[in-house]
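The chain contents come next:
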Amino acid sequence: MASKKTNQNKVTPEDSNSRRDFIKKSGLFTALAFTPPTLVMASDKKWDEKIAEYLETVSLSIEVNGQKHNLNIEPRTTLLDLLREQLHLTGTKKGCDHGQCGACTVHVNGTRILSCLTLASMQQNAQVTTIEGLSNGKKLHPMQEAFIKHDGFQCGYCTPGQIMSGIACIKEGHANSREEISEYMSGNICRCGAYHNIVDAITEVKEGGKEL
Amino acid sequence: MSKTSNINRVDGFAKVTGSATYSAEYKADGVVYACLVGSTIAKGRIKSIDTKKAEWAPGVLAVITHLNVDKPSGYQKPKDKRNFGQSLQIFKDDSVLYYDQPIALVIADTFERMQYAASLIKADYLKEEHSTELHKAADKERKIDTDKGNDYHRGEHDGYKNAEVILETEYTIPTEVHNPMELANIIAKWDGNKPILYTKSQGVEGTRKSVAGVFDVPVENVEVHSEYIGGAFGMGLHTWPYEIAALIGSKKLNRPVKLVLHREQMFTNVGFRPYTIQKMGLGATKEGKLTGLTHEAVAMTSSYEDFMEGTVNMSRFIYNCSNVSTRYRIVPLDTCTPIWMRGPGEATGSFALESAMDEMAYKLNLDPIEFRKRNYAEKDLEQNKPWSSKFLLECYEAGMERIGWKNRKNEPGLLKEGNWLVGYGMGTGTFGCYRSPTSVKAKFLANGDLVLQCSVNDMGPGTATMMTAIGAEVIGLPSENVIIEMGKSGLPKGPTQGGSATTSSVGSAVHDSCNLLLSKVIELASKNVALKGIPITDLTFENGVIFSKKDKSKSITFASLLSSNKLEDFEVENLSKAAEEAKKYSIYSFSVHFVKVLVNPNLGKIRLAHVVSCADIGTVINQKTSAGQMFGGAVGGIGMGLMEALEIDHRFGRPINNNFADYHVPVNADIEKQEVFFVNKKDPISNPMGTKGLGETALVGMAPAIANAVFNATGKRVRDLPITLDKIIETVKV
Amino acid sequence: MKNFQIIKALSASSAVTGKAKDNSSMFIAGGTNLVDLMKKNVVAPDKLVDINGLDLKKIEFLKGKVSIGALAKNSQVAEDSSIKEKHPLLALALAAGASQQIRHMATVGGNMLQRTRCSYFYNTDMPCNKRVPKSGCGAIGGSNRMSAIFGASDSCIAVHPSDMCVALAALDATVLVEGPKGKRQINFTDFHRLPGNTPEKDNTLDSRELITSVEIPDHNFTKNVHYLKVRDRTSYAFALVSVAVALDLKNNVIENARLAMGGVAHKPWRLTETEEFLKGKTVSEELFRQAANLSMKGARGYGENDFKLTLGANAITEALTIAASK
């Protein structure tokens, strides 16, 4: 078969509307008083890419597990993708990316939320705690200990979300019975079906009465 | 109870701290992001595909379609009959064989830019008429042309028809989707012409083989890492087109490519439990002796690949019945090929068989367990062999006691708790015990630690923990001193994780290698001056010291044995296989799920007030992880019974609920009270440990247990899964 | 997802002005629905106006009413002890929605503006008049298990997915909004609309207006209330049918009743005729059955959702019974 390589169909910057549209919209054209020929040159040398990249990002100051980060990110970056792909904190998991499974649960300013539906750009100065922020070296958080003891997982993929949620569940005061724990942990799906043991683990931590 | 029979998961620390590294989480320098764009029709050809906007979108590095792909050289070669990979060759041509079939690969420098660019790709199609509805395509049904696809008959064909009491019923199960929490994902890269994959595979060696085939490279050149797998339940048994696509992209760019499927694509591109229609014919005497059993299944497959599973197999041997017929047919539909999903075939088959057994028990006015006991199979009539071991009756007894079976009324609709109707039901499960040849390397380090190596992986059942326990037991070490290396190529070859065979295969290999290691260490020690003249049989090895059983003062530490032989460590590698003796027996695990349901007939709400799962799985290596697996299998069966169904809009030939909000799986609140019981008696034949396998049978039998309990509560027999509330309220008088 | 600009609004009026400048800009608060829709390319704004900095989070008990700020989180309202005491129906409905994580993120105003969960709306390669006017309705003749049984049209049979809104409709709430032309109030039951020929419009809010708060007038529905949500699993699922019931009982006689359904229409389905019917009558099983049948008058199914006709009636009876027995 004749392989038609679309890449070879040379497309001029004029054909491609994405960059130029953006530059026009961002007002850069007037602000920097570029003349049209300069603009074309800028396109050729991919200056426009770089300028646009800069204009397309916002600065973000965010604290993750006690560590401050000053970043430039695209407004569309979710907190989940920021954690996993940019900060390499892969303990927080992507299970559905649409708020339907709970695997991405983290604490923001002490509250459990879904990081997949959270735009990082809206978390200016937020304090984020992820699963990596719970233990102190080899010393585990009581909830982590309890999950191991009660075997509250199998494949381990939903586990960080379950643990973050479990801690919050107790702190919120929703761990007063197995039934209540089950209801308030229902936003965290475990496909391995470790629910029975997850409730055991949370119950033990709650009854242990330690400050979380 | 041994010291290791209740140890915590050895990978627990990694999993609770987020430090366990799943496939797409490896750091790869210069990694770029890819995704697949799917077709929006179910059948036809791609007329044109507009990739220009995507190519010019910021950050885009490549857009690959059938028009510009450098086709892997293996595409030209004839495929193996038993291909570990999928028959679908991605980007091979312009044909579209199912909805959401990948038609383009988009690669960009960041995740966000890749996602956006992918949304800019538009294709035009020449549509052809598609067929996605099994009920409407029955005329295309055919037999699979292999031994396994043959009809089975024992005694008289369809002998049930001559019985005193006859039951003829039809059951359907919808398409169900594995949906592990971890999305299918891969980081693909190349080292020269050597492909390297960090991927979600249940079988490192299988993935190597299929990738080698596709790219026409030696198997040894394929490097595969699958050290942590976030569940798979069968979807990782194939190498899928997305993995090949990532390798194609990486080869083109000469950079590592990360590709993670969207949850939506998990419903369309990586297999599923096939939609299956089953017909049961049961014949019995009035006294409750089964005289005939016919089980027929018609299941979907794809248009490009035959798929079959053991749906009708259980009916051949689980009951004592002299006239048995089974038939299995497939119907090609315009979808992706199905793939075995937890309790494959047997889970589907047991829904029909165990529902029919319940229906027949009512016809005979017998307690369903009494009916089963009257037809208890003392031997395997299919293979005409004795069971290696069978403690199914113990499972019945344990379950009846725990669930409170004595409270059950045989007449439906009599029991109430408040406004809830109460019903009890049970379903039997079984799964064969298999054992694959497996190599394990056992290595002593100078510090006394034991390293066990095998390429097998652990998708969640606790394989590493099982290996640790067996190694520690055989060697006599604390489990903390055992180090497991697994889940990647280059290690001694282990089996694919599936078919409940991992403990039997790998556990046996660990057992054998550790015993060999012990004897080799003692042999070496016997040649040492410190132990000179002491017969090998008098030597033993404990706590890092080899000594004479008769005179403990005659000893040498393992460390000094190594140094005196100028060794840094001491290792053996051994290939372990099933004994010939095993072929004389029929080896199966057995399970029985009991449920007590509460039903609100007005709202159709079904609560699982109590679930008891009992199993005869031979020796239980680890009570904790085994219980976890049994709990989980039961939850999987609850999903199957009550809520899981992929809905297709047949007008478009596409799934309509392909997301986690609309395709329901059980949540925490669906599980009220759950118990597990194991007989825990060693099988004398299966393998050195006497285990029989658990992962599959943990699910098999759960769905019919629920259906039977719902009938017992309401008098409403639901033969089409899942038992959603609309099926309860329809006919219940309000 | 398309990239976009994001600006943070410092006051309600600047938010409104900021948004008004650009047609394709949208307000964002909790983002639980909007971000999801943007990921699916169902909506693709050029600009987001982040309103989380606005002072609209308070729950204030004023004379004769409670005012709940549009930015109050769903969990904050559900767990507020005074709300639980004075408006238990609202607390129950909120707690039945989504998951705790989502309730921590989602705001009261955002909850009102969430889009339908109809699969055809969410999948951009399918026909949907709500997403693309004149493209057809996929759910009619298709997968419509979740779809409406009341007030639907040939253009759209989608349902509004909220639980909270069902309670607010029953409780005669008022929506306070601010737009370029100033402030105005909308009766809650007039806020959402029926699809008619323009299903792309979910509600009567002008695209430039911002919800600032919701007010609920004081009432006596503090004891005999119930929110019954019927769904395909025990938790974390949208309603197939839900019923919000509030009864003011004196010696088993219904002085006053409020009744609304969710999961059955393009808007929370208030049942005023049934409320009138119940008024002054003595509680009985038969009465509730009659009320249920009356409520289902005019309901129609579209195939897969025919069961809602029975389920709806049963759910009303059940909810009334539970409420009356509290």
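Residues numbered from 1 in each chain as written. Chains lettered and ligands numbered in written order. Predicted model: local features only at pLDDT ≥ 70, side-chain atom pairs only at ≥ 80, totals over all residues.

Colleague: Whenever I open this one, the domain arrangement of chain B confuses me. Can you help?
Modeller: All names here are of chain B. Looking at chain B, the domain boundaries give domain 1 (13-129 + 181-231 + 236-266), domain 2 (276-434 + 583-729) and domain 3 (436-577). Here the C-alpha centre of domain 3 lies 40 Å away from the C-alpha centre of domain 2. Taken together, the 19 residues of domain 2 in the interface contact 17 residues of domain 3. Across the side of domain 2 that touches domain 3, the residue classes break down as eight nonpolar, ten polar and one charged. (Domains from an automatic or database assignment. Contact = placed C-beta atoms within 7 Å. Nonpolar A, V, L, I, M, F, W, Y, C, P; charged D, E, K, R; others polar.)

Colleague: Could you clarify how one ought to interpret helix α14 (residues 702-714) of chain B in this entry?
Modeller: Because each turn of an α-helix spans 3.6 residues, side chains separated by three or four positions end up pointing in the same direction. All names here are of chain B. Under the 1.5 Å per step criterion, the end-to-end length of α14 is 18 Å for 13 residues, consistent within 8% with the ideal 18 Å. Across the 13 residues of α14, 13 count as buried, placing the element largely inside the fold. At the C-terminal side of α14, G715 shows a positive phi close to 80 degrees. (Helix = DSSP H or I, 4+ residues; strand = E, 2+ residues; numbered from the N terminus. Expected span 1.5 Å × (residues − 1). Buried ≥ 20, exposed ≤ 12 C-beta atoms within 10 Å, placed from the backbone.)

Colleague: I keep staring at the environment of W56 of chain B and nothing clicks. Help me out?
Modeller: Residue and element names in this part refer to chain B. With respect to the helices and strands, W56 occurs in helix α2 (residues 52-56). Judged by C-beta crowding, with 19 C-beta atoms within 10 Å, W56 ranks as partly exposed. Taking C-alpha positions, W56 is 8.5 Å from A117, a pair spaced 61 residues apart along the chain.

Colleague: Explain the interface of chain B and chain A here, please?
Modeller: Taken together, the 55 residues of chain B in the interface contact 59 residues of chain A. Secondary structure elements with two or more residues in the side of chain B that touches chain A: α1 (12-17), α2, α3 (111-118) and α13 (623-642) of chain B. With nine residues, the top contributor of residues to the side of chain B that touches chain A is α13 of chain B. A per-class count over the side of chain B that touches chain A returns 25 nonpolar, 20 polar and ten charged.

Colleague: Help me out: how do you make sense of the UniProt feature "domain: FAD-binding PCMH-type" (unreviewed entry) in chain C in this one?
Modeller: Mapped onto this structure's residue numbering, the UniProt feature "domain: FAD-binding PCMH-type" (unreviewed entry) falls at residues 1-221 of chain C. Helix makes up 28% of residues 1-221 of chain C and strand 19%, and the two end C-alpha atoms of the span are 45 Å apart. (UniProt positions renumbered as here; feature names shortened; annotations may be inferred.)

Colleague: How do you make sense of the nonpolar core when you look at a structure like this?
Modeller: If you look at soluble globular proteins, the nonpolar side chains tend to sit buried side by side. All names here are of chain B. Among the nonpolar cores identified, the biggest contains 390 residues, and V106 and I706 are the most heavily contacted of them. Among the elements that take part in this core, α14 stands out by supplying nine residues, more than any other. Setting aside residues up to four positions removed in sequence, I706 forms contacts with G425, V595, V597, I638, G641, L642 and I723. Of all hydrophobic cores here, the second largest spans 13 residues; its members include Y275, A299, M308 and L333. (Core = buried A, V, L, I, M, F, W, Y, C linked by C-beta atoms within 7 Å.)

Colleague: Sorry if this is basic, but what is going on with unusual backbone geometry here?
Modeller: Excluding glycine, a negative phi dihedral is what most residues carry, and trans is how most peptide bonds are arranged. A cis geometry characterises the amide bond from L721 of chain B onward to P722 of chain B, with omega recorded as -5 degrees. Residue position: P722 of chain B is located in the loop between α14 and α15 (725-729). The phi angle at N251 of chain C is positive, at roughly 50 degrees, despite the residue not being glycine. Summarising the element assignment, N251 of chain C is placed in the loop between β10 (241-250) and β11 (253-262). The exposure class assigned to N251 of chain C is exposed, which follows from the 7 C-beta atoms found within 10 Å.

Colleague: Sorry if this is basic, but what is going on with the sheet that holds strand β31 (residues 674-678) of chain B here?
Modeller: Residues and elements named next belong to chain B. Spatially, the five strands line up as an open sheet ordered β18-β19-β27-β28-β31, and their pairing is mixed. Of all the strands in the sheet, just β18 (416-417) and β31 have a single pairing partner and so form its edges. Examined bridge by bridge, strand β28 (residues 605-616) and β31 share five bridges and lie parallel to one another. Across the sheet, the residue bridging to C614 is F677, located in β31. Sitting on the sheet, α14 is in contact with β19 (420-432), β27 (588-600) and β28, with an inclination near 155 degrees to β19. (Pairing = 2+ DSSP bridges. Axes fitted to C-alpha atoms, helices over the stretch in contact; angles between N-to-C directions.)

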